[in-house]
Amino acid sequence: MYQFTEDCLIGIEEIDNEHRKLFTLINEAAELPKEARTPKTVNRILSQLVDYAATHFAHEEAYMSEHDDPELPLQKKEHEAFTKHVQELVSRPLTDENASAMLDEILPFLIRWLYRHILSSDMMIGKLAPADPFAFTDKYKTGIRQIDEEHSHLFDIIRETNALIQDELLYDKYDEIIHLLSELREYTKYHFNDEEDYMKKIGFPELDAQIRAHTAFVDKLMDINLEALDEIDNHQQEYLLELIDFLAGWLVNHILKMDIKIGRTAESDRKGKDNEP
């Protein structure tokens, strides 16, 4: 049973309801007994899932277009990549022998993609960027020194990368940009490990949700093909600016929505210990 948990809520009712519906459809398919997994039934289930996903993507993109959401181009690319991959999967011939196995292969892919897409991309829908998205200010502080210092360093890497991208007078800068993006990827994994260890230590109640969000973001970072940047040609600058805006926006949103709670839990834990006899 795949759960649509609170951390998957993005705060837009229509989109949240459609995400819930996708989880429901996937769970209904997963619970179908093996004896009922005939080619006809499996084909109907997969067609229903694909059709509903396409409808949801259209609604999501329409909402973003209506609100001039800067994340729309990135969302379209992810939706198109997902649709292409799923269409390739469901185009395979179904037989009595492979129908059940096909369902078991496709459903985990669908739920992994959905968790990841919601937690790393959909969370950014409708979120306004701060005046200076690259400044680590007091409002981002959790009160936990190690976590705050690591967050500050992540902001530093993103700010430095953005400055390089924006510097039109600097030539041969892309090797350094790639180096900084590689550093960001590795330091993010290092920070998430530290943060998760700390949450385990204090018994943070939303650890599972944090791990899901971290995994989704790391997967997104790992998907960036740094070696292919030279192939982007004239769109390289635009691609990099969209990328860095997304990374900064995700970090801001994640800190304010989720990481701040770590500080509150730690503070409550400290007060509890201080009051012990």
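For clarity, every value in this text was computed on a predicted model and none was experimentally measured. (Residues numbered from 1 in each chain as written. Predicted model: local features only at pLDDT ≥ 70, side-chain atom pairs only at ≥ 80, totals over all residues. Heavy atoms only, no water.)

A. Molecular detail of the packing of helix α1 (residues 13–30) against helix α2 (residues 39–66). Taken N-terminus to C-terminus, the directions of α1 and α2 make an angle of 170°; their axes are 10 Å apart at the nearest point. Relative to α2, the element α1 is oriented roughly antiparallel. Residue-level contacts link Glu 14, Ile 15, Glu 18, His 19, Lys 21, Leu 22, Leu 25, Ile 26 and Ala 29 of α1 to Ile 45, Gln 48, Leu 49, Tyr 52, Ala 53, His 56, His 59, Glu 60 and Tyr 63 of α2. When the residues that make up the contact of α1 with α2 are grouped by side-chain class, the tally is 10 nonpolar, 4 polar and 4 charged. (Axes fitted to C-alpha atoms, helices over the stretch in contact; angles between N-to-C directions. Helix = DSSP H or I, 4+ residues; strand = E, 2+ residues; numbered from the N terminus. Parallel < 35°, antiparallel > 145°, perpendicular 65-115°, else oblique. Contact = heavy atoms within 4.5 Å. Nonpolar A, V, L, I, M, F, W, Y, C, P; charged D, E, K, R; others polar.)

B. Expanded view of the pattern of salt bridges. Taken as a whole, this structure holds 10 salt bridges when the rule is applied. One salt bridge in this structure joins Lys 141 and Asp 138, with 3.1 Å as the shortest N-O distance. Among the ionic pairs, Glu 206 bridges to Lys 261, the shortest N-O distance being 3.3 Å. Taken together, the positions of Glu 206 in the loop between α6 (174–202) and α7 (207–223) and Lys 261 in helix α8 (residues 236–274) put the pair 55 residues apart, joining distant regions of the chain. (Salt bridge = Lys/Arg side-chain N within 4 Å of Asp/Glu carboxyl O.)

C. Looking closely at the packing of aromatic side chains. Under the counting rule described, the total for this entry stands at 14 aromatic pairs. Aromatic pair Phe 82 and Phe 109: ring centres 6.0 Å apart, planes at 10°, arrangement stacked. Residue Phe 82 is found in helix α3 (residues 72–90), and its partner Phe 109 is found in helix α4 (residues 99–120); the two are separated by 27 residues along the sequence. Residue classification places Phe 82 among the buried residues on the basis of a relative accessible area of 8%. The class for Phe 109 is buried, based on a relative accessible area of 17%. The aromatic ring of Phe 246 is capped on one face by Lys 220, whose charged end is 4.7 Å from the ring centroid. (Phe/Tyr/Trp six-rings, centres within 6.5 Å; stacked < 30°, edge-to-face > 60°. Buried < 20%, exposed > 50% of the residue type's maximum accessible area, 1.4 Å probe, protein only. Lys NZ or Arg CZ within 6 Å of the ring centre and 35° of its normal.)

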